[in-house]
Amino acid sequence: MERTYAMIKPDAVKAGNAGNIIARIETEGFKIAGMKRIRVSLAQAQAFYAVHKARPFFGELTEFLSSGPVVAMVLEKDNAVKAWRDLMGATNPAQAEANTIRKLYAKSIGENAAHGSDAPETAAEEISFFFAAAELV
Ligand code: DAT
Ligand code: MG
């Protein structure tokens, strides 16, 4: 079983779509190994998205992630990293396939409802950024 880090971003939490997204995660056969509703600080958002710090959208990205509560999750499934990215759909919801999380719930490329790790190595880093081992059951 592979693990990935998933996060319901502030836009989707604020819009009341967290429950729908969590239900979909379960319907699609992921096991939720860890989950918590938290507020990410600006400093945490800057550290989490450090790979993007040279991008022109870094300021708006980190301010958005810290703008309201998120739901942080660790998901387990065979090929969980790819399976969750496939379920989320493309970064830009305008390009996301029908019935993906981002097509259903995202407003724009910046406020795009969900995050998913892009590789098993980054998944391990992102999981330990937000969760202690004892929180994963
Ligand atoms: P993903 O979240 O699909 O892994 P990414 O890692 O390339 O996408 O970018 C991280 C986040 O940054 C993305 O979810 C939304 C934001 N972002 C990416 N490209 C952007 C752009 N061109 N304009 C504004 N925000 C952008
Ligand atoms: Mg990414």
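Basis of the calculations
- Residues numbered from 1 in each chain as written.
- Chains lettered and ligands numbered in written order.
- Predicted model: local features only at pLDDT ≥ 70, side-chain atom pairs only at ≥ 80, totals over all residues.
- Heavy atoms only, no water.
- Helix = DSSP H or I, 4+ residues; strand = E, 2+ residues; numbered from the N terminus.
- Near = heavy atom within 4 Å.
- Polar contact = N/O pair within 3.5 Å; in protein donor to acceptor, adjacent residues only side chain to side chain.
- Nonpolar A, V, L, I, M, F, W, Y, C, P; charged D, E, K, R; others polar.
- Pairing = 2+ DSSP bridges.
- Axes fitted to C-alpha atoms, helices over the stretch in contact; angles between N-to-C directions.
- Salt bridge = Lys/Arg side-chain N within 4 Å of Asp/Glu carboxyl O.
- Buried < 20%, exposed > 50% of the residue type's maximum accessible area, 1.4 Å probe, protein only.
- Arc of directions from axis to C-beta.
- Contact = heavy atoms within 4.5 Å.

*Asks:* I tried to follow unusual backbone geometry on my own but got confused; where do I start?
*Replies:* Where the residue is not glycine, phi is negative for most of them; where a peptide bond is considered, it is trans in most cases. Even without a glycine there, the phi angle at Asn-79 is positive, about 50°. Within the secondary structure layout, Asn-79 lies in the loop between strand S3 (70-77) and helix H5 (80-88). The backbone of Ala-113 shows a phi angle near 75°, a positive value even though the residue is not glycine. By secondary structure assignment, the location of Ala-113 is in the loop between helix H6 (101-105) and strand S4 (114-116).

*Asks:* Could you clarify how one ought to interpret the site of ligand 1 in this entry?
*Replies:* With respect to spatial proximity, the complete set of residues near ligand 1 consists of Lys-9, Tyr-49, His-52, Phe-57, Leu-61, Arg-85, Thr-91, Arg-102, Ile-109, Gly-110 and Asn-112. In this structure, Arg-85 approaches ligand 1 through a side-chain N or O atom, which is 3.0 Å from an oxygen atom. In this structure, an oxygen atom belonging to ligand 1 sits 2.9 Å away from a side-chain N or O atom of Asn-112. Grouping the amino acids of the shell around ligand 1 by side-chain chemistry returns four nonpolar, four polar and three charged.

*Asks:* Would you explain the sheet that holds S4 in this entry?
*Replies:* Backbone hydrogen bonds hold the strands of a sheet together, and the pairing may be parallel or antiparallel. Read from one edge of the open sheet, four strands run S2-S3-S1-S4, paired in antiparallel fashion. Across the chains shown, the open sheet's two edge strands, defined by having one partner strand only, are strand S2 (31-38) and S4. Recorded for the sheet is a direction-independent mean angle of 20° between the axes of neighbouring strands. In this sheet, S3 lies alongside S2 in antiparallel orientation, the contact comprising seven bridges. Of the residues in S3, the one forming a bridge with Lys-36 is Ala-72.

*Asks:* Whenever I open this one, the pattern of salt bridges confuses me. Can you help?
*Replies:* Enumeration over the complete set of coordinates arrives at five salt bridges. Across the salt bridge formed by Arg-3 and Glu-76, the nearest N and O atoms sit 2.8 Å from each other. Note that Arg-3 is positioned in strand S1 (residues 2-8) and Glu-76 in strand S3, a separation of 73 residues in sequence. Residue class for Glu-76 comes out buried when judged on its relative accessible area of 13%. Where Glu-28 meets Arg-24, a salt bridge forms, and the shortest distance between an N and an O atom there is 2.8 Å. The buried category is assigned to Arg-24, whose relative accessible area is 17%. A network of salt bridges, in which partner residues are shared, links Arg-3, Lys-31 and Glu-76.

*Asks:* Just checking my understanding: could you explain helix H4 (residues 58-65) for this structure?
*Replies:* What sets the pattern is the α-helix's 3.6 residues per turn: residues three or four places apart point alike. When we look at burial in H4, the residues that qualify are Phe-58, Leu-61, Thr-62, Phe-64 and Leu-65. Buried residues of H4 fall within an arc of 160° about the axis and therefore sit on the same side. Seen from the buried face of H4, the exposed residues on the opposite side, beyond 90 degrees, are Glu-60 and Glu-63. Of the surrounding elements, those touching the buried residues of H4 are S1, helix H1 (10-14), helix H3 (42-48) and S3.

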